[in-house]
Amino acid sequence: MALTRRVSSSFPQFVGFAKRSFKSYKLPGDPSSSPSLFHGIHVFHCPDEVGIVAKLSECIASRGGNILEADVFVPEKKNVFYSRSEFVFDPVKWPREQMDEDFLKLSKLFSAKRSVVRVPDLDPKYKIAILASKQDHCLVDLLYSWQEGRLPVDITSVISNHNRGPNTHVMRFLERNNIPYHYLHTTEENKREGEILELVLNTDFLLLARYMQILSGYFLRTYGKDVINIHHGLLPSFKGGNPSKQAFDAGVKLIGATSHFVTEELDSGPIIEQMVERVSHRDNLQSFVQKSENLERQCLAKALRSYCELRVLPYEENRTVVF
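Residues numbered from 1 in each chain as written. Predicted model: local features only at pLDDT ≥ 70, side-chain atom pairs only at ≥ 80, totals over all residues. Heavy atoms only, no water.

**Student:** Teacher, can you tell me more about the overall build of the protein here?
**Tutor:** Secondary structure summary: the protein contains 8 helices and 14 strands in total. A buried classification covers 47% of the 323 residues belonging to the protein. Counted over contacts in the protein with a minimum sequence separation of 6, partners at least 24 positions apart contribute 67%. Surface accessibility of the protein: about 16,700 Å² in total, with carbon and sulfur atoms responsible for 50%. (Helix = DSSP H or I, 4+ residues; strand = E, 2+ residues; numbered from the N terminus. Buried < 20%, exposed > 50% of the residue type's maximum accessible area, 1.4 Å probe, protein only. Contact = heavy atoms within 4.5 Å. Areas by Shrake-Rupley, 256 points an atom, 1.4 Å probe, with all protein chains shown as cover.)

See below:
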C-alpha cells in the first residue's frame, strides 16, 4: 500500500491516508466471501521518532493485512506520536493471538504508552453498566439504540437512585431484555458507593446517563476504569436547580452538551464530545428544553461509539485526541 510521506513533527495536524470504504470488502456473513476478511482497529501512543508509520504498516502488510484508513497526530514541539489504523485481514493468515504478539513487539520497540488492537467481530463486546437518576431521555435513547444493534456494548445492568414503577416503559423494556435494574436509595450521608462497586465489578467501563450524584474520589480510584458522563452545556453559567429555565430566562442564543471522562474534579474531566445548537426568541421553554435534551442524547451516544471504536486517546493532563 502506498503511504503518504511521514508527518513532520514541526507542526500539529491530523493526517488521513488510504481512505477506502469497507463496503468494497466482503466481510463475515457474506456467502460469496472467500476467504472471509475481518475488520481490525489499532491505536498507538508512544514517543515520537522516525519510522513508526513504516513499522506499523509493515506489521499489518507482512501478515497479509490491508490498511483501509489511518490517522496520525504529532503535536507541535512535543515528543509524542498518536495513530489509529483500520485494516482488514484474513484470520487464517493472521490468527488473533499472533496479532496481539506482533503489536506487542511494536509496543516494546517504540516504548509505547498505549497499544490497543481490537477486532469487533471476534472480541467480546464491552460490558457496561448505566447509572441514571430520574430523567429518562439519555437512558431511553441508549436502551433503544442498543436494542437496534447500534451500540457495540452489552448492558449488564441499570443502576439508579430513582425508584421507577413496575409498569413504566423503562422497566418493561428492561424486563423484556433481561437487564437487571438496581434501585439504590441515596442520601447525603450514604451514596451507596460500596454496593455500586460490587454491582459493576465485571464491567469494562461505566456510563452516567444523567446520574445526578457525585462519585467520590474513593469510588473512582477503587473502580479503576473509565467513567463517561454527560451534562448540558449551560454550565458553569447556570448552576443549581432548573438550569434550562435559568438559561431560557436569560435569553441565551446557543445551547450545548458535553460528554467527558469523570475525574475527582466535578464536570472537569477530559472532553470526549461536544455538540451545540442555536435557539432563538421563537423558542418557548418546552422547545428549549427539548433541544437541550436532544443534544445530550446525541452527544452521549456519539461519545460512547467513539470510545468503543478506539477513537479516544488521552492527551496531556486533561485533554484528549479524538480521531
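What follows picks up the thread again.
**Student:** Would you explain helix H7 (residues 243–250) in this entry?
**Tutor:** Along an α-helix, residues three or four positions apart point the same way, because every turn accommodates 3.6 residues. Among the residues of H7, those classed as buried are Pro-243, Ser-244 and Ala-247. Taken end-on, H7 shows its buried residues confined to a sector of 105 degrees, consistent with a single buried face. With its phi angle positive at about 75 degrees, Gly-251 sits one or two positions after the end of H7. (Arc of directions from axis to C-beta.)

**Student:** Please explain the sheet that holds strand E11 (residues 254–261) as it appears in this structure.
**Tutor:** Hydrogen bonds between backbone groups are what pair the strands of a sheet, and the pairing can be parallel or antiparallel. Ordered in space as E8-E7-E6-E9-E10-E11-E12, the 7 strands form an open sheet in which the pairing is mixed. Edge positions in the sheet fall to strand E8 (181–183) and strand E12 (271–278), since each of these pairs with one other strand and no more. On average, adjacent strands in this sheet sit at an angle of 20 degrees to one another, irrespective of strand direction. (Pairing = 2+ DSSP bridges. Axes fitted to C-alpha atoms, helices over the stretch in contact; angles between N-to-C directions.)

**Student:** Please clarify how helix H4 (residues 169–176) should be interpreted in this entry.
**Tutor:** Those residues of H4 that sit buried are Val-170, Met-171, Phe-173 and Leu-174. All buried residues of H4 project into a common sector of 160 degrees when viewed along the axis, lining one side. Summarising the geometry of H4, the exposed residues directed more than 90 degrees from the buried face are Glu-175 and Arg-176. Turning to H4, the residues buried within the fold contact helix H3 (137–147), strand E7 (153–160) and E8. Positive phi appears at Asn-178, one or two residues downstream of H4, with a value of about 55 degrees.

**Student:** Is there a simple way to explain the packing of aromatic side chains in this structure?
**Tutor:** Each aromatic ring pair is specified by the distance between its two centres and by the angle formed by the two planes. Enumeration over the complete set of coordinates arrives at 18 aromatic pairs. Here the aromatic rings of Phe-248 and Phe-288 are separated by 5.7 Å at their centres, their planes lie at 75 degrees, and the arrangement is edge-to-face. A residue pair is termed long-range when its members are at least 10 positions apart, and Phe-248 in helix H7 and Phe-288 in helix H8 (residues 285–308) qualify at 40 residues. Owing to a relative accessible area of 27%, Phe-248 belongs among the partly exposed residues under this scheme. Seen from their ring centres, Phe-261 and Tyr-307 are 6.0 Å apart, and the 65 degrees between their planes marks the pair as edge-to-face. One end of the pair, Phe-261, is in strand E11; the other, Tyr-307, is in helix H8, and 46 residues separate them in sequence. With respect to burial, Phe-261 and Tyr-307 carry one shared label: buried. (Phe/Tyr/Trp six-rings, centres within 6.5 Å; stacked < 30°, edge-to-face > 60°.)

**Student:** Looking at this structure, how should I read the pairing of E7?
**Tutor:** For a regular strand, side-chain orientation follows a simple rule: the groups alternate between the two sheet faces. Most of E7 sits inside the fold, with 6 of its 8 residues counted as buried. In terms of strand pairing, strand E6 (residues 126–132) meets E7 through 7 bridges, oriented parallel. Each residue of the ladder has a partner; that of Ala-129, found in E7, is Ser-157. Remark: the E6/H3/E7 crossover connection has right-handed handedness. Here E7 runs beside E8; their pairing, made up of 3 bridges, is parallel. Note on E8: the bridge partner recorded for Ser-160 is Tyr-183. Handedness of the crossover joining E7 and E8 through H4 is recorded here as right-handed. (Right-handed = clockwise from strand over helix to strand, strands pointing away.)

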